[in-house]
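Letter by letter, the chains look like this.
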Amino acid sequence: MGKSLPIFNAPSLASAFGSIQQQVSQFFTPPSTASAPHDGRTVDDFKPYLIALNLTKRCNLKCDHCYLDATTKSAGGDDELSTEECYKLIDQIAEVNKGCLLVITGGEPLVRPDILDIARHAVKLGFMVVFGTNGMLIDDRMAKNLVEIGVMGVGISIDSLDPQKHNRFRGVPGAWESALAGIESCKRNGLAFQVHFSAQPMNYQELPEVIDWAHQLGAKVLNVFFMVCTGRGEELTDITPSQYEEVLGYLVNCQDNYKGMLVRARCAPHFKRLAYEKDPNSPITKATGYMGGGCLAGTNYARVTPNGELTPCPYMPLSAGNIRESSFVDLWEKSDVFNSFRYPQLKGKCGDCEYTDICGGCRARPYVDHGDWLDEDQWCLYTPKGGEKIKVAFNTPEESPVAWDEDSEVRLNRIPYFLRAMVKKGVEKHAREKSIPLITIELMEELRKKRFGNDAPVFNFDVKDKDGGVRR
């Protein structure tokens, strides 16, 4: 671990690894039609659920672990995407899937002067938009602006409950205090917030207290990120595989303990395997339709860099091309790089494992280590036991369908794409068990309250009609 990650169109790559075509042919041979998996997937199953827009390298912090190696400069660089280029990119993403979640981040996105205009453009097209931020620039005015634009919420990074430890890691005195002030501004102005926690050797043992704290604070989601040592973080020490397994096991066990707050692992596909081992019917595995938490790189997730490179994930700057030279649509649908993630020929124990389809391992870790993103994930301690591969939701035969009325379908379609299959399957199962012939919003609300309590929904389901009214 700890190597630099070359972007494929960089001049140094030719001498280091060869051309992109050589890289793809070295590590991936597209299967013929005859040998394709035939697992039921279509182009619709490879729609983007989540796109991270790293729209600037500008930042007001200097965090040790930054995968982008963001700067503290006031300017974002001559090659940063312009406002109009950002608009064009978002228009092209809409051609592929308006239902995906756009995460506007950086660097620190709120230091980019036109960032609210970019968010407004995305919301007007119907996207669900969230910001990934350090929270330091969120005051009452900013929180109110984000709410008025229609931003769903913000994710604010907290690395420790010890302010000094957080500030030291973030590289700026007062960072913890400013992040907490940002959270309070969100609460006062009705802007939903998530807490993002990056598990590292210096803080992973704080996780139980951090989860309790985030829940008491009113966070809608607690996302635990598992760092891959890239960018400025390439010299950091990662947690060990056994610590990784320990943290994931804890996250699986505390899923139902925090009403009103989702607790999720990010960049940690093994989470799905552990959840399935504990309960094969767990709602958080791909076997029941929830797509978040496993590795979505290149299949339902991608990242755009500040200068327009399209990569499978932020930790793996394996460029499929630049959106200035090719449209997002063409890159998403035709890239050999992305195709290598969609029908992968995984190697080593990841290829042999019965959990290949619901986990698949982290593709960034072997890429960081030796450049082969299809090799086994050495951070996984599990030894495959053989046997039949565990099926995922898209290739599991459906039971008898249940009808949805018009308003409930509208609400279902407002649920983030990566959650929709899980919600649909759960509601229809309940309807069949109770002999309910038609699914309504009232039924959906009843089931939501059973899961999350009587608080407001985790996601905003309000839809404005043509006359400016609100449909729920």
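Definitions and limits used
- Residues numbered from 1 in each chain as written.
- Predicted model: local features only at pLDDT ≥ 70, side-chain atom pairs only at ≥ 80, totals over all residues.
- Heavy atoms only, no water.
- Disulfide = S-S within 2.5 Å.
- Axes fitted to C-alpha atoms, helices over the stretch in contact; angles between N-to-C directions.
- Helix = DSSP H or I, 4+ residues; strand = E, 2+ residues; numbered from the N terminus.
- Parallel < 35°, antiparallel > 145°, perpendicular 65-115°, else oblique.
- Left-handed = near helix turned anticlockwise from the far one by under 90°.
- Contact = heavy atoms within 4.5 Å.
- Nonpolar A, V, L, I, M, F, W, Y, C, P; charged D, E, K, R; others polar.
- Phe/Tyr/Trp six-rings, centres within 6.5 Å; stacked < 30°, edge-to-face > 60°.
- Buried < 20%, exposed > 50% of the residue type's maximum accessible area, 1.4 Å probe, protein only.
- Salt bridge = Lys/Arg side-chain N within 4 Å of Asp/Glu carboxyl O.
- pLDDT = per-residue confidence, 0-100.
- Polar contact = N/O pair within 3.5 Å; in protein donor to acceptor, adjacent residues only side chain to side chain.
- Expected span 1.5 Å × (residues − 1).
- 1 Å grid on protein atoms, 1.4 Å probe; cavity = no way out; pocket = protein on both sides within 12 Å on 5 of 7 lines; lining within 4 Å.
- Points joined across faces, edges and corners; volume = space filled by probe spheres on them.
- Pairing = 2+ DSSP bridges.
- Right-handed = clockwise from strand over helix to strand, strands pointing away.

> Which parts of the structure should I look at to understand the state of the cysteines?
Disulfides are covalent bonds that connect the sulfur atoms of two cysteines. Under the criterion given, the structure shown has 0 disulfides. For Cys267, which is in no disulfide, the shortest distance to another cysteine sulfur is to Cys313 and amounts to 6.6 Å.

> So what exactly am I meant to see when it comes to the packing of helix 4 (residues 115-124) against helix 5 (residues 140-149) here?
The relative placement of two packed helices is expressed as an angle between their axes plus a distance between the axes. Where helix 4 meets helix 5, the closest approach of the two axes is 9 Å, and the angle between their N-to-C directions is 25°. Our classification of the angle between helix 4 and helix 5 gives roughly parallel. Crossing of helix 4 against helix 5: the hand is right-handed. Residue-level contacts link Leu116, Ala119, Arg120 and Val123 of helix 4 to Met142, Asn145, Leu146 and Ile149 of helix 5. For the contact of helix 4 with helix 5, the residue count by class is 6 nonpolar, 1 polar and 1 charged.

> How do you make sense of the packing of aromatic side chains when you look at a structure like this?
Aromatic ring pairs are reported here in terms of the distance separating the ring centres and the angle at which the planes meet. For the coordinates displayed, the defined rule picks out 8 aromatic pairs. Aromatic pair Tyr276 and Tyr355: ring centres 5.9 Å apart, planes at 75°, arrangement edge-to-face. With Tyr276 in helix 10 (residues 270-278) and Tyr355 in the loop between helix 13 (348-352) and helix 14 (364-370), this residue pair connects regions lying 79 residues apart in the sequence. Look at Tyr355 and you get buried, because its relative accessible area is 9%. Judged by centre distance (5.5 Å) and plane angle (80°), the ring pair of Tyr355 and Tyr382 falls under edge-to-face. Residue Tyr355 is located in the loop between helix 13 and helix 14, and its partner Tyr382 is located in the loop between helix 14 and strand 10 (403-404); the two are separated by 27 residues in the primary sequence. On the basis of relative accessible area, Tyr382 is assigned to the buried category, the value being 9%.

> How do you make sense of the pattern of salt bridges when you look at a structure like this?
Summed over all chains, the structure comprises 16 salt bridges. Among the ionic pairs, Glu184 bridges to Lys187, the shortest N-O distance being 3.7 Å. Within this pair, Glu184 and its partner Lys187 are both found in helix 7 (residues 175-188), separated by 3 residues, close to a single helical turn. In this structure Lys187 comes out as partly exposed when scored by relative accessible area, which is 38%.

> Honestly, unusual backbone geometry in this entry has me stumped. Any pointers?
Excluding glycine, most residues fall at negative phi; most peptide bonds, likewise, are trans. Put simply, Gly106 and Gly107 share a cis peptide bond, and its omega is 20°. Turning to its location among the elements, Gly107 is positioned in the loop between strand 2 (101-105) and helix 4. Non-glycine residue Cys267 carries a positive phi angle of around 60°. Following the sequence through the fold, Cys267 ends up in the loop between strand 7 (262-266) and helix 10. On the basis of relative accessibility, which here comes to 29%, the residue Cys267 falls in the partly exposed class. Its identity is not glycine, yet Ser435 carries a phi of approximately 55°, on the positive side. Looking at the element boundaries, Ser435 is found in the loop between helix 16 (417-433) and strand 11 (438-439).

> I keep staring at the environment of Ala431 and nothing clicks. Help me out?
Tracing the backbone shows Ala431 in helix 16. Along the chain, Ala431 and Ala403 lie 28 residues apart, while their C-alpha atoms are 9.6 Å from each other. Ignoring anything within four residues of it in the chain, the contact list for Ala431 reads Val402, Ile436 and Ile439.

> How should I be thinking about the confidence of the model for the protein in this particular structure?
Detailed reading of the predicted coordinates is not advisable wherever pLDDT is low. Overall, the predicted model of the protein reaches an average pLDDT of 80, with 76% of residues at or above 70. When the criterion is pLDDT under 50, residues 463-472 qualifies, and its contacts beyond four places in sequence or with other chains add up to 16 contacts.

> I would appreciate a short explanation of the side chain of Ser319 in the present structure.
In this fold, Ser319 is placed in the loop between strand 9 (310-311) and helix 11 (328-334). A relative accessible area of 5% places Ser319 in the buried class. Separated by 2.3 Å, the side chains of Ser319 and Glu309 make a polar contact. Here the side chain of Ser319 touches Gly321 through a polar contact of 3.1 Å, landing on its backbone nitrogen.

> Any chance you could explain helix 7 here in plain terms?
Each full turn of the α-helix corresponds to 3.6 residues, which orients residues three or four apart in the same direction. Between its terminal C-alpha atoms helix 7 stretches 20 Å, which fits the 20 Å expected from 14 residues at 1.5 Å a residue. Packing partners of the buried residues in helix 7 comprise helix 5, strand 4 (153-157), helix 6 (163-170), strand 5 (192-199) and helix 8 (207-217).

> Would you explain empty space enclosed by the protein in this entry?
Under the counting rule described, the total for this entry stands at 2 cavities of 30 Å³ or more. If you go around the second largest cavity, the residues you meet are Arg273, Lys349, Cys350, Cys353, Tyr355, Thr356, Cys359, Gly360, Gly361, Cys380, Tyr382 and Pro384. Classifying every residue of the lining of the second largest cavity by side-chain character gives 7 nonpolar, 3 polar and 2 charged.

> Would you explain helix 9 (residues 241-253) in this entry?
For helix 9, built from 13 residues, the straight-helix expectation of 18 Å at 1.5 Å per residue is met to within 8% by its first-to-last C-alpha distance of 18 Å. Of the residues making up helix 9, those classed as buried are Gln243, Tyr244, Val247, Leu248, Leu251 and Val252. Buried residues in helix 9 make contact with helix 8, strand 6 (221-226), strand 7, helix 10 and helix 14.

> Sorry, what's going on with the sheet that holds strand 5 here?
In a beta sheet, neighbouring strands pair by backbone hydrogen bonds and run either parallel or antiparallel. Taken in spatial order, the 9 strands line up as 7-6-5-4-3-2-1-8-9 in an open sheet, and their pairing is mixed. Where the open sheet ends on each side, the last strands, each with one partner, are strand 7 and strand 9. Two elements, strand 8 (residues 301-304) and strand 9, share 2 bridges in a ladder whose sense is antiparallel. Looking at strand 9, one finds that Arg303 is bridged to Thr311.

> Looking at this structure, I do not really get the pairing of strand 7. What am I missing?
Within a regular strand, the side chains alternate between the two sheet faces. The buried count for strand 7 comes to 5 of 5 residues, which makes it a mostly enclosed element. Burial along strand 7 is two-sided: the residues Leu262, Arg264 and Arg266 and Val263 and Ala265 are all buried. Pairing analysis gives 5 bridges linking strand 6 to strand 7, with the strands arranged parallel. Following the sheet pairing, Leu222 is matched in strand 7 by Val263.

> Looking at this structure, I do not really get the pairing of strand 5. What am I missing?
In terms of burial, strand 5 is largely enclosed, as 6 of its 8 residues are buried. Bridging between strand 4 and strand 5 involves 5 bridges; their strand directions are parallel. Paired with Ile156 across the two strands is Val195, which belongs to strand 5. Looking at chain direction, strand 5 and strand 6 are connected through 6 bridges and run parallel. Considered in strand 6, the bridge of Phe197 is made with Val224. After leaving strand 5, the chain enters helix 8 and then returns to the sheet as strand 6, a path that is right-handed.

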